Amino acid sequence: MDWTKALLALVVILLYIPLVFMGANVFFPEYTGSHSYYSNFKTCDIAKGSADVPVYQQNQTCAGEQQAAQDAFEQAKAKYDGNKYIFIVGLSLFVLLLALFISFDESVIIGLFLGSVLTSFFSTWIYFSTQSKIGFALLAVIFFITLFFITKLKSMFFVKAKK
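Given the structure is predicted, the values throughout are model-derived calculations rather than measurements. (Residues numbered from 1 in each chain as written. Predicted model: local features only at pLDDT ≥ 70, side-chain atom pairs only at ≥ 80, totals over all residues. Heavy atoms only, no water.)

A word on the pattern of salt bridges. Where charged atoms of side chains with opposite charge meet at close range, the side chains can pair. Using the criterion set out here, one finds two salt bridges in the structure. Of the charged contacts in the structure, one is a salt bridge between Glu-106 and Lys-5, with a shortest N-O distance of 3.4 Å. Taken together, the residues span a long stretch of sequence, with Glu-106 in helix 3 (residues 106-126) and Lys-5 in helix 1 (residues 3-27) at a distance of 101 residues. We classify Lys-5 as partly exposed; its relative accessible area is 27%. The residue Lys-77 makes a salt bridge to Asp-81 at a minimum N-O spacing of 3.0 Å. Linking Lys-77 with Asp-81, this pair stays in helix 2 (residues 55-101), spanning four residues, or about one helical turn. (Salt bridge = Lys/Arg side-chain N within 4 Å of Asp/Glu carboxyl O. Helix = DSSP H or I, 4+ residues; strand = E, 2+ residues; numbered from the N terminus. Buried < 20%, exposed > 50% of the residue type's maximum accessible area, 1.4 Å probe, protein only.)

Okay, structure coming up:
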């Protein structure tokens, strides 16, 4: 592959990766930005009119409520992030299949292939803690399609010797 095809493939890669991640944030906006972390902590001050209840008991109750609320937030966020991961990897699988079966220019095929593989890698790294079973299955399919893709189209990746 000559340098112009490599450059065009790089352009496709550099546009594809942010396109997918931006799309994921557009379609899954709930736990992004400042809403990514639990921030609903309240102070555990002594409530008025409850002087007869020991302070440590009030603090324990308040801390328990805080922990339960944070745990609920974290569970909901993990499920949501799992769905976001499935979206990203599913889209990468679709694009990988598209690159495999639709005839484009070589640089576009290589760009889509590498873009979908890199996006799958980065999204797995980012959303690793979601432990999504569906995401794992999609990633396994991407892995085997990648092996097939490389075997079928490996001549595209190498510079052809001039005779």
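Inspection of the entire model under this criterion finds nine aromatic pairs. Ring centres of Phe-27 and Phe-87 lie 5.9 Å apart, and the angle between their planes is 55°; on these two criteria the pair is classed as tilted. Here the residue Phe-27 occupies a position in helix 1, and Phe-87 occupies one in helix 2, the gap between them amounting to 60 residues. Classification of Phe-27 by relative accessible area gives exposed; the value is 61%. (Phe/Tyr/Trp six-rings, centres within 6.5 Å; stacked < 30°, edge-to-face > 60°.)

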